Amino acid sequence: MSAIDKLFMRLKSEGKKAFMPFVTAGDPSLEFTAAMLKRLDAEGCHLAELGIPYSDPIADGPVIQASYTRSLNGGTKLSGIFSMACEVTAEISMPIVTMVSYAIIYRMGIDEYLRQAIAAGISGAIVPDMPVDESDELAAKCKLLDFSLIQLITPTTPRERAVQIAEQTTGFIYYVSVTGITGERTELPPDLADNLKWLRSVTDLPICVGFGISKLEHVEALKSVADGLIVGSAIVRRIAAATNEQAENEDVLNDVGEFSQGMLTAINA
Amino acid sequence: MSSHFLPQPSPDASLPDEKGRFGEFGGRFVPETLIAALDQLETEYFQSRKDPAFQAELDILLRDFVGRPSPLYFAKRLTEHCGGAQIWLKREDLNHTGAHKINSTLGQALLTIRMGKKRVIAETGAGQHGVATATACAHFGLPCVIYMGEEDIRRQQPNVQSMKMLGAEICPVTSGSRTLRDAVNQAMRDWMSSVEETHYILGSVVGPHPFPLIVRDYQAVIGRETIRQSQARFGRLPDAVVACVGGGSNAAGMFYPFVAETDVPLVGVEAGGESDQPGRHASSLTFGKPGILHGSFSYVLQDEDGQTDDVHSASAGLDYPGVGPEHSHWKSTGRVEYRSCRDNEALAAFDLVARNEGILPALETSHALAKGMEVAKERGKDEIVVICLSGRGDKDAGEIQRLKNEAATRPN
């Protein structure tokens, strides 16, 4: 049983939902990312998605694209990300999963990527450009190592295929709320709750919803039909104010901390 | 009816396989959001191949709107200049819109209508695919948005003007290196949000399955005509065939019908840029490694972390860090030889062809001409070398002058 399975078992027994922030590794520096992850853990966030910056992210909107560019321009390397994660995971209780392009995993090699990720205390991966049809090898290796491979289901996924994806997934299902790229949305699609109810009827895995979620109203609308909510751009936008100045970075940590606290309170109110 | 222009059963018809793989290359590495649209496109494409009405409509367009077949032309003075094999040029520059790109955009526009989609998007580098897409969309009355890197907008102004006059909306792409690779990224992002109503007319044999298959099949008219014209003219096939490779669409279209003709050497020419140093060329097959870019597993120029390298070519259409998966397959099987051509060699070939033949070739095509002449020089006078003259160079006149001025003022 992976750290993610244990997390959702605990939340279920407590009747709680997960709040899962996304941060880009190395934006603006790995030191800041480490401080941010520790702060999010201290606030009581349940799981963090660590975005591995990639040069050509086609599923990401302008906010996350820009954070990847800032990080890569700052010289972030995979080896540095794993060292930072290793230091942070030793100190925090929330599990960390990487959001990572298959371009990066393939270049390192699946075995080596999993070895280094697990050594760094990372609990799973979301690979947004690897659909289920291409995931057999990675999924098999992840299962052997009890490393969660979180796959995505979207509004354009036919229902038969959604069942197939759910069967290949471990940890939790990432349900993409909208047909589109990452980024804050004012409103979520009207059929989202119905789609989640259907998905709930065909799988026992936790279902977490991401893309577009940024407001307390979204939390209100979704907390009864999802097991967790993922918030990316709304956090990354706040982190974009961070620099290499200590005092300013304290302000950013406080800002993101307060925002997360608000979401955490709303989701389990 | 028996079509002259349309996809025919091919000797290599088994590829790609049902997962879109050419050997180990290809596949689909895209977000789940796009999978249903790719499935729909594959299904409709295969059905359209068996639909006589669809084929007849495309056939007539290729004849009367594009002007096919394109001539196979003997470049007499260029041949004399080189002093080797006879050089014959497959004149895709004489197609409507001035390049091979129109062969695929008309087919894909018909597929758009067949799928009931209402809007078209496309990426463009040199602007030839953008113009060909805007043309097809104007012809069918489809709204059209073209993504183009800011750097390419600067160096290919004539095509930008044409696209606007044809009614297309141009979206400048300001991210990354502001070239073709970034235009593909931005078109993919548009498609992520608009996929239910929009078809993405990809311009090359790159991207997720079934794009490499569809674009190759529509471009294969080039190679089929060349075979027929060679048989009629020489009573035999050429002794070598040469084409330039960025993503690789004109080369795939030229080579594919020749793949089973194993006696005919095939030479693909990549952009060698300014040097062999990373970032100063765009020769994915020569210097790259297999990896993932833009939804496909193929040769790519990446660093050790899997981040895509910046690339350089004087030619916007070849300025791309990846290549179509079928080319990677042909490289790995050894069926096609890939050479790399420097910017200055391409510019010299441009001048030579302009002054000896009265043809202004595109800068992309000039790479094929440079290495095609090299191949001709390696061969005897009774041999025949066919070079795919993939596009005309009017679009490049301003940029070529600028590059020449820059070279003239550069200290040696």
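Residues numbered from 1 in each chain as written. Chains lettered and ligands numbered in written order. Predicted model: local features only at pLDDT ≥ 70, side-chain atom pairs only at ≥ 80, totals over all residues. Heavy atoms only, no water.

Q: Kindly report on the sheet that holds strand β3 (residues 72–74) of chain B, identifying the contributing residues and their values.
A: Residue and element names in this part refer to chain B. Strand order across the open sheet formed by six strands is β3-β4-β14-β9-β10-β13, with mixed pairing between neighbours. A single partner strand is all that each edge strand has here, and the edge strands are β3 and β13 (336–342). Neighbour-to-neighbour, the strand axes of this sheet turn through a mean angle of 30 degrees, independent of strand direction. Note: strand β10 (residues 266–273) against β13, seven bridges, orientation parallel. Within the sheet, the bridge partner assigned to Ala271 lies in β13 and is Cys341. Of the strands in this sheet, β3, β10 and β13 are in contact with helix α14 (residues 343–357), which crosses β13 at around 90 degrees. (Pairing = 2+ DSSP bridges. Helix = DSSP H or I, 4+ residues; strand = E, 2+ residues; numbered from the N terminus. Axes fitted to C-alpha atoms, helices over the stretch in contact; angles between N-to-C directions. Contact = heavy atoms within 4.5 Å.)

Q: So what's going on with the sheet that holds strand β6 (residues 144–149) of chain B? Residues and values would help.
A: Residues and elements named next belong to chain B. Pairing in this open sheet of four strands is parallel, and the strands run β7-β6-β5-β8 from one edge to the other. Edge positions in the open sheet fall to β7 (169–173) and β8 (198–200), since each of these has one partner strand only. The average angle at which neighbouring strand axes cross in this sheet is 25 degrees, direction not considered. Bridge count for strand β5 (residues 119–124) against β6 is five bridges, and the pairing is parallel. Bridging across to β6, Val120 finds its partner in Cys144.

Q: Describe the pairing of strand β9 (residues 240–244) of chain B, and please don't skip the residues or the numbers.
A: All names here are of chain B. The buried count for β9 comes to five of five residues, which makes it a mostly enclosed element. Burial along β9 is two-sided: the residues Ala240, Val242 and Cys244 and Val241 and Ala243 are all buried. Examined bridge by bridge, β9 and strand β14 (residues 384–389) share three bridges and lie parallel to one another. Looking at the pairing, Val242 lines up with Ile387 of β14. Where β9 lies against β10, four bridges are found, and the strand directions are parallel. Within the sheet, the bridge partner assigned to Val241 lies in β10 and is Leu266. Viewed along the sheet, the connection from β9 through helix α11 (residues 249–255) into β10 turns out right-handed. (Buried < 20%, exposed > 50% of the residue type's maximum accessible area, 1.4 Å probe, protein only. Right-handed = clockwise from strand over helix to strand, strands pointing away.)

Q: Break down the nonpolar core for me, citing the residues and quoting the values.
A: By size, the foremost hydrophobic cluster in this structure holds 171 residues, and its most contacted members are Leu37, Val127, Leu138, Val209 and Leu222 of chain A together with Trp191 and Phe255 of chain B. No other element matches the eight residues that helix α12 (residues 246–267) of chain A contributes to this core. Grouped together as the second largest cluster of nonpolar side chains are 30 residues, Ala240, Leu318, Ala370 and Val375 of chain B included. (Core = buried A, V, L, I, M, F, W, Y, C linked by side-chain atoms within 4.5 Å.)

Q: Give me unusual backbone geometry: which residues, what numbers.
A: Look at the link from Arg68 of chain B to Pro69 of chain B: it is a cis peptide, with omega at 0 degrees. With respect to the element layout, Pro69 of chain B can be found in the loop between α2 (52–66) and β3. With a phi close to 80 degrees, Phe211 of chain A is a non-glycine residue in the positive phi region. Residue position: Phe211 of chain A is located in the loop between β8 (207–210) and α10 (216–222). Positive phi, close to 50 degrees, is recorded for His294 of chain B, a residue that is not glycine.

Q: Explain the pattern of salt bridges to me, using residue names and the numbers behind them.
A: Residues and elements named next belong to chain B. Within the structure shown, the criterion is met by 55 salt bridges over all chains. Residue Asp64 pairs with Arg63 through a salt bridge whose shortest N-O separation is 2.8 Å. Glu383 is the partner of Arg379 in a salt bridge, and the nearest nitrogen-oxygen pair spans 2.7 Å. When salt bridges that share partners are traced, they join Glu151, Asp152, Arg154, Arg155, Asp319, Glu399, Arg402 and Glu406 into one network. (Salt bridge = Lys/Arg side-chain N within 4 Å of Asp/Glu carboxyl O.)

Q: Now, about helix α13 (residues 325–333) of chain B: what can you tell me, with residues and values included?
A: Among all positions in α13 of chain B, only Pro325, Glu326, His327, Ser328, His329 and Trp330 of chain B are buried. Positive backbone phi, approximately 80 degrees, marks Gly334 of chain B, located one or two places after α13 of chain B.

Q: Just give me the short version of the environment of Tyr218 of chain B, but keep the residues and values in it.
A: Within the element layout of this structure, Tyr218 of chain B appears in helix α9 (residues 211–219). Residues Tyr218 of chain B and Lys381 of chain B, 163 residues apart in the sequence, show an inter-C-alpha distance of 33 Å.

Q: Account for the interface of chain B and chain A, naming residues and giving values.
A: Contacts between chain B and chain A engage 35 residues on the former and 34 residues on the latter. Per-residue buried area on chain B facing chain A is highest for Glu32, Arg189 and Asp305 of chain B; these three make up 24% of the total on that side. Residue Lys77 of chain A is joined to Asp303 of chain B by a salt bridge in which the shortest nitrogen-to-oxygen separation is 3.5 Å. Between the two partners, chain B and chain A, sit 21 residue pairs in polar contact (both at pLDDT 80 or more). Residue assignment for the side of chain B that touches chain A shows that the elements contributing at least two residues are α1 (35–49), α8 (180–194), β11 (289–293) and β12 (296–300) of chain B. (Buried area = accessible area lost by both parts, 1.4 Å probe. Polar contact = N/O pair within 3.5 Å; in protein donor to acceptor, adjacent residues only side chain to side chain.)

Q: Hey, could you go over helix α1 (residues 3–14) of chain A for me, with residue numbers and the actual values?
A: All names here are of chain A. In this model α1 runs 17 Å from its N-terminal to its C-terminal C-alpha over 12 residues, within 8% of the 16 Å that 1.5 Å per residue would give. Here α1 has its buried residues at Ile4, Leu7, Phe8 and Leu11. The buried side chains of α1 occupy one side of the element, clustering within an arc of 90 degrees when seen end-on. Projecting away from the buried face of α1 at angles above 90 degrees are the exposed residues Met9 and Ser13. Buried positions along α1 lie against β1 (18–24), β3 (96–99), β4 (124–126), β5 (148–150) and β8. A positive phi of about 70 degrees marks Gly15, the residue just after α1. (Expected span 1.5 Å × (residues − 1). Arc of directions from axis to C-beta.)

Q: So, the environment of Gly141 of chain B: which residues are in play, and what are the values?
A: Residues and elements named next belong to chain B. Tracing the sequence through the fold places Gly141 in the loop between α5 (128–140) and β6. Residue class for Gly141 comes out exposed when judged on its relative accessible area of 60%. Expressed as a C-alpha distance, the spacing of Gly141 and Ser275, which sit 134 residues apart in the sequence, is 45 Å.

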